[in-house]
Amino acid sequence: MAQPKPNAIFAPWHDPAEKPLIQFKNVTKRFGDFTAIDDLTLDIYAKEFFALLGPSGCGKTTLMRMLGGFETPTEGTILLDGVDIGPVPPNERPVNMMFQSYALFPHLTVWDNIAFGLKRSDMPKDQIGDRVERMLKLTQLGKFAKRKPHQISGGQRQRVALARSLAKAPKLLLLDEPLGALDKKLRHETQFELMDIQETTGTTFVIVTHDQEEAMTVASRVAVMTEGKLAQVATPDQIYEAPNSAYVADFIGDVNLIEGTVEAKAPDARATDVAIKWSATEPAIMASAEIRPPAASSVTFAIRPEKVTITAQKPEAANVMEGKILDIAYLGNLSTYHVEVAPGVIIKAQATNSRRISRRNLTWEDHVYLSWTDTAGVVLTA
Amino acid sequence: MTWRGRLLIAVPYVWLLVLFLVPFGIVLKISLSDIALAIPPYTPTMKDGLWAMLSGLDFENYAFIGAGAVVAGFAGLILCIAMYRIVFPRIRRAMLPDTATTVFDTAAAALTALAVAIVNVAVVVAVLAFVLPALSDFVDVPDFLYFAAYLSSLKIAAISTFLTLLIGYPVAYGMARAAQHWRPTLLMLVILPFWTSFLIRVYAWIGILSTEGYLNQLLLSLGVISAPLSILNTPVAVYIGIVYTYLPFMVLPIYAALEKMDDSLVEAAEDLGCTALSAFWLVTAPLSKPGVIAGCFLVFIPTLGEFVIPSLLGGSDTLMIGKVLWEEFFNNRDWPVASAVAVILLMILIIPIVLFQRNEQKQRELDG
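The rules behind the values
- Residues numbered from 1 in each chain as written.
- Chains lettered and ligands numbered in written order.
- Predicted model: local features only at pLDDT ≥ 70, side-chain atom pairs only at ≥ 80, totals over all residues.
- Helix = DSSP H or I, 4+ residues; strand = E, 2+ residues; numbered from the N terminus.
- Buried ≥ 20, exposed ≤ 12 C-beta atoms within 10 Å, placed from the backbone.
- Contact = placed C-beta atoms within 7 Å.
- Pairing = 2+ DSSP bridges.
- Domains from an automatic or database assignment.
- Nonpolar A, V, L, I, M, F, W, Y, C, P; charged D, E, K, R; others polar.
- Core = buried A, V, L, I, M, F, W, Y, C linked by C-beta atoms within 7 Å.
- Expected span 1.5 Å × (residues − 1).
- Bend = angle between axes of the 7 residues up to and from the residue.
- Axes fitted to C-alpha atoms, helices over the stretch in contact; angles between N-to-C directions.

1. Comments concerning the overall build of chain B
When helices and strands are counted, chain B shows 16 helices and 2 strands. Projected onto its principal axes, the C-alpha positions of chain B cover 75 × 65 × 60 Å. Taking all 368 residues of chain B together, 28% fall into the buried category. For chain B, restricting intrachain contacts to residue pairs at least 6 apart in sequence, the fraction spanning at least 24 positions comes to 72%.

2. A few points about the pairing of strand S11 (residues 256–262) of chain A
Residues and elements named next belong to chain A. Sheet topology note: the S11/strand S14 (residues 298–303) ladder contains 6 bridges and is antiparallel. Note on S14: the bridge partner recorded for Leu257 is Ala302. Here S11 runs beside strand S12 (residues 273–277); their pairing, made up of 2 bridges, is antiparallel. Pairing of Val262 across the sheet is with Ile276, part of S12.

3. Quick notes on the domain arrangement of chain A
All names here are of chain A. When its domains are assigned, chain A resolves into domain 1 (12–94 + 170–249) and domain 2 (254–380). Computed from C-alpha coordinates alone, the two centres of domain 1 and domain 2 are separated by 34 Å. Facing 5 residues of domain 1, the contacting portion of domain 2 comprises 6 residues. Broken down by class, the residue content of the side of domain 1 that touches domain 2 amounts to 4 nonpolar, 1 polar and no charged.

4. Quick look at the nonpolar core
The biggest cluster of nonpolar side chains holds 102 residues, and the ones touching the most others in it are Ala51, Leu174, Val206 and Val224 of chain A. Not counting the four nearest positions on each side in its chain, Ala51 of chain A is found in contact with Ile207, Thr209, Ala215, Val218, Ala219, Val222 and Ala223 of chain A.

5. Here's the deal with helix H13 (residues 276–304) of chain B
In a regular helix each residue adds 1.5 Å, so 29 residues correspond to 42 Å; H13 of chain B covers only 37 Å between its end C-alpha atoms and thus falls short of that length. Taking the largest bend as the criterion, H13 of chain B deviates by roughly 45 degrees, centred on Lys289 of chain B, and proline Pro290 of chain B comes between one and four positions later.

6. Considerations on the interface of chain A and chain B
The parts lose accessible area when they come together, and the size of an interface is often stated as this lost area. Between chain A and chain B, the contact holds 19 residues from the first and 16 residues from the second. Elements represented by at least two residues in the side of chain A that touches chain B include exactly strand S6 (95–98) and helix H2 (110–120) of chain A. In terms of residues, the side of chain A that touches chain B owes the most to one element, H2 of chain A, which gives 3 residues. Looking at the side of chain A that touches chain B, its residues break down into 8 nonpolar, 8 polar and 3 charged.

7. Details of unusual backbone geometry
For the bond running from Ile39 of chain B to Pro40 of chain B, omega is -10 degrees, close enough to zero to count as cis. Checked against the element boundaries, Pro40 of chain B lands in the loop between strand S1 (34–35) and strand S2 (42–43). Here the residue pair Thr43 of chain B and Pro44 of chain B is connected by a cis peptide bond, since its omega of 0 degrees sits within 30 degrees of zero. Locating Pro44 of chain B in the fold gives a position in the loop between S2 and helix H2 (50–55). The backbone phi angle of Asp39 of chain A is positive, close to 45 degrees, even though this residue is not glycine. Checked against the element boundaries, Asp39 of chain A lands in strand S2 (residues 34–44). According to the C-beta neighbour criterion, Asp39 of chain A is partly exposed, with 14 such atoms within 10 Å.

8. As for the sheet that holds strand S17 (residues 334–342) of chain A
One key point about sheets: their strands pair by backbone hydrogen bonds, in either a parallel or an antiparallel sense. All names here are of chain A. The 5 strands are arranged S15-S19-S16-S17-S18 in an open sheet whose pairing can be described as antiparallel. The two strands at the open ends of the sheet, each matched to only one other strand, are strand S15 (309–311) and strand S18 (345–352). Within the sheet, the average angular offset between the axes of one strand and its neighbour, ignoring direction, is 45 degrees. Pairing geometry for S17 and S18, over 8 bridges, is antiparallel. Paired with Tyr337 across the strands is Ala349, a residue of S18.

9. Points about the domain arrangement of chain B
Residues and elements named next belong to chain B. If you check the domain split of chain B, you get domain 1 (67–140) and domain 2 (142–368). Placing a centre on the C-alpha atoms of domain 1 and another on those of domain 2 gives a separation of 29 Å. Residue-level contacts link 4 residues of domain 1 with 5 residues of domain 2. Residue composition of the side of domain 1 that touches domain 2, by class: 3 nonpolar, no polar and 1 charged.

10. So, the pairing of strand S19 (residues 367–372) of chain A
All names here are of chain A. Pairing geometry for S15 and S19, over 3 bridges, is antiparallel. By the bridge assignment, Ile310 is partnered in S19 with Leu370. Where strand S16 (residues 319–330) meets S19, 6 bridges bridge the pair, whose relative direction is antiparallel. Pairing of Gly323 across the sheet is with Val368, part of S19.

Laid out in structure tokens, this is it:
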């Protein structure tokens, strides 16, 4: 499948001359019998906004805590700027962390919370005040400087935690589910604030999240983790459009996964064409892959619902399937139709609701056609 | 408010009236009576008629035990504290306008404020002594026994509270840091001694501490000492007994404060550049302060009036007001003086109890 090239302004991971800020080299972490991180190798570059994404228990928090210095790897090394940081205690690392619970000191005011790290450093006293004021301004907390953490709202607390962890100007900022406690609307606003702050300060951010939308929004690169391993590390658009496994495709966003076998190459077909036999009676799915899987091998065909067109009349397209609407999920801006194309096989199709509801003609039990082009889906061998 | 609501609220008030105010009224009345060879051993009583009884009451017993001096001492102390609270913040502000402060600055300001307060109170006392010479009769102490017993009780209570804190804090800290599945067991071990009678446990200490006791036997057999130590019937035994008995009252509130503390706070402190020790002083210690204060009051208040431990372990030399009270009642059969001692003891205890309540209330406001 043709890859849309990302707007490659900032992509140090493609530049072999670029030195990574953080290098995980064959890192393994075990807690007793449980392996949290399994032989993991990963490079993170300076000024990146790097997201660790995965379900709970996949090891993403352990990975971050190892960067913070709260866990030591059982095997392997972690390099920061080329220096092994394994033996360096948390208080001597140029790394700061924003905790999931925010961990604001309840007995100190907002001002003192932000100044806490600076007072422990060798910064002269008269500069601490300026720095704290800068941080308050950056996070728009000026009015709340004298309040205690229990006297401000959740969103403000989140910003205090961010200001506190940024105050020492760390080389690397770790954010552990930073927006988990905020309601949806505030979370969206804060995501953009985070990106702005990351750009203004030029700090490298590593964010841990289980919210794929959040990871996609903020990150320059996303690492999808599962069971202590990296499933895929790529830019958000690559993760979404070109997942490398059924797991990643399924974890990120909504997807239709159809299992089938590759048919022998037809004589008139292009080199990239793949025909996938998925049902004894229905015609094969026509797709394309840069590397053609061998004939008769079993593959998974993944297609996003928004790339499936739903119509009442039979259209002209590379792939057309006939089916019956089982369910309609109305989301306001768009509707998702669950269409049964073969007994037990349901394909989701998404359509933008560009017309008011009374003008749309598809409803339950309707006989419809689903269609997509040959490049709309991905052929996955894993 | 409905009658049901009133009824519900009435229960604690009736309880207070029947079990505290009425007995206190009786004790107060006895303390104002005179000793007599009669049953009951004081006069006047209700048999003389209400008016005759009321007119027969006087403050003789209070004068005898030196209550005037106690009251004057308290007035002085309260004056000192009030003065300190007025002076201290002003010195602080005058000393350091708008700069970050250190512990030493605060200590210097506190000492200055304290000195100012004491000098001011001393001046007030001197002026009063000059203007009202009659006051010297009021603060006269005919028998120093009671006065000394109050002071000695305060001293013993303060020292044992401090010792209990010294032992209790590490215990509570260890418990709060222990693995989650161990905590209920450790908590159980702290509470376990309560399952046995307090009296039996204090008696057990006699067996341990006496000259032929287990402790001396052990130390002698180990060769640590050549002659048995005499611990029993000394203040040391009293401190051991009090610290042992009241340790759970110190451990539990501190444990409660430490246990509800978020572990990530210490991690955050270390992340921001604290060593383990400075993280403790800057984060753990201030956050456990309410627990420490509650524990100190829970030990200090009952220790002040403690009677069993000094009388069983302390011998005849240990002077504590609880013991004096008991001897007045049962050995001297001087109920009026004993009642006066009890009333003054209660007055002294009101201050720490009020302070304790304020601490609790402040904590609730912070939590809520």
